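# An overview of the molecular structure
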Amino acid sequence: MHFLLIYEVGPEYVERRGEFRKEHLALAWEAHHRGELVLGGAVADPVDMSILLFQGDSPAAAQRFAAADPYVLHGLVHRWTVRPWITVVGAGAATPVHG
């Protein structure tokens, strides 16, 4: 199953993220190497959110990631949510549906 970790960030995010980026990326790559984090990145124009795609049996990995993320801990993320994403098309779809 897939889960989206959605970060809502404020206008200070771009200016301040450099302080914590190395630690954030280390955490992200560790989650990726464990097979939990599939993709992640900031949304551009404007940079007001980031979206990270997790896979697993539950939202726990995404929730643990957010709880440990320096972007969250240092207030760059104003709000975060984890949402189940029902993927149906593509090589990595969790529940493929063919027409």
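Residues numbered from 1 in each chain as written. Predicted model: local features only at pLDDT ≥ 70, side-chain atom pairs only at ≥ 80, totals over all residues. Heavy atoms only, no water.

## Some remarks on the overall build of the chain
- Looking only at helices and strands, the chain has three helices and four strands in total.
- Secondary structure elements of the chain occur, N-terminal to C-terminal, as β-α-β-β-α-α-β.
- For a compact globule of 99 residues, the expected C-alpha radius of gyration is about 13 Å, and the chain comes in at 14 Å, within 12% of that figure.
- Along the three orthogonal principal directions, the C-alpha set of the chain runs to about 45 × 30 × 20 Å.
- Within the chain, the proportion of its 99 residues that are buried is 34%.
- Entry remark: accessible area of the chain is about 6,200 Å², with carbon and sulfur atoms responsible for 58%. (Helix = DSSP H or I, 4+ residues; strand = E, 2+ residues; numbered from the N terminus. Rg over C-alpha atoms; globule rule 2.2 N^0.38 Å. Buried < 20%, exposed > 50% of the residue type's maximum accessible area, 1.4 Å probe, protein only. Areas by Shrake-Rupley, 256 points an atom, 1.4 Å probe, with all protein chains shown as cover.)

## Here's the deal with the layout of surface pockets
- Estimated volume of the largest pocket: approximately 330 Å³.
- Those elements giving two or more residues to the lining of the largest pocket turn out to be α1 (13-33), β2 (37-43) and β3 (49-55).
- Here the element with the most residues in the lining of the largest pocket is α1; it accounts for eight residues. (1 Å grid on protein atoms, 1.4 Å probe; cavity = no way out; pocket = protein on both sides within 12 Å on 5 of 7 lines; lining within 4 Å. Points joined across faces, edges and corners; volume = space filled by probe spheres on them.)

## Comments concerning unusual backbone geometry
- Geometrically, the link from D45 to P46 is a cis peptide bond, its omega value of 5 degrees lying close to zero.
- Non-glycine residue D45 carries a positive phi angle of around 55 degrees.
- One can find D45 in the loop between β2 and β3.

## Thoughts on the sheet that holds strand β4 (residues 77-85)
- In spatial order, the strands read β2-β3-β1-β4; together these four strands make up an open sheet with antiparallel pairing. At either margin of the open sheet sits one strand with a lone partner, and together these are β2 and β4. Strand-to-strand twist of the sheet, defined as the mean angle between neighbouring strand axes without regard to direction, takes the value 15 degrees.
- Sheet analysis places strand β1 (residues 2-9) next to β4, joined by eight bridges and oriented antiparallel. Counted as the bridge partner of I6 is T81 from β4. (Pairing = 2+ DSSP bridges. Axes fitted to C-alpha atoms, helices over the stretch in contact; angles between N-to-C directions.)

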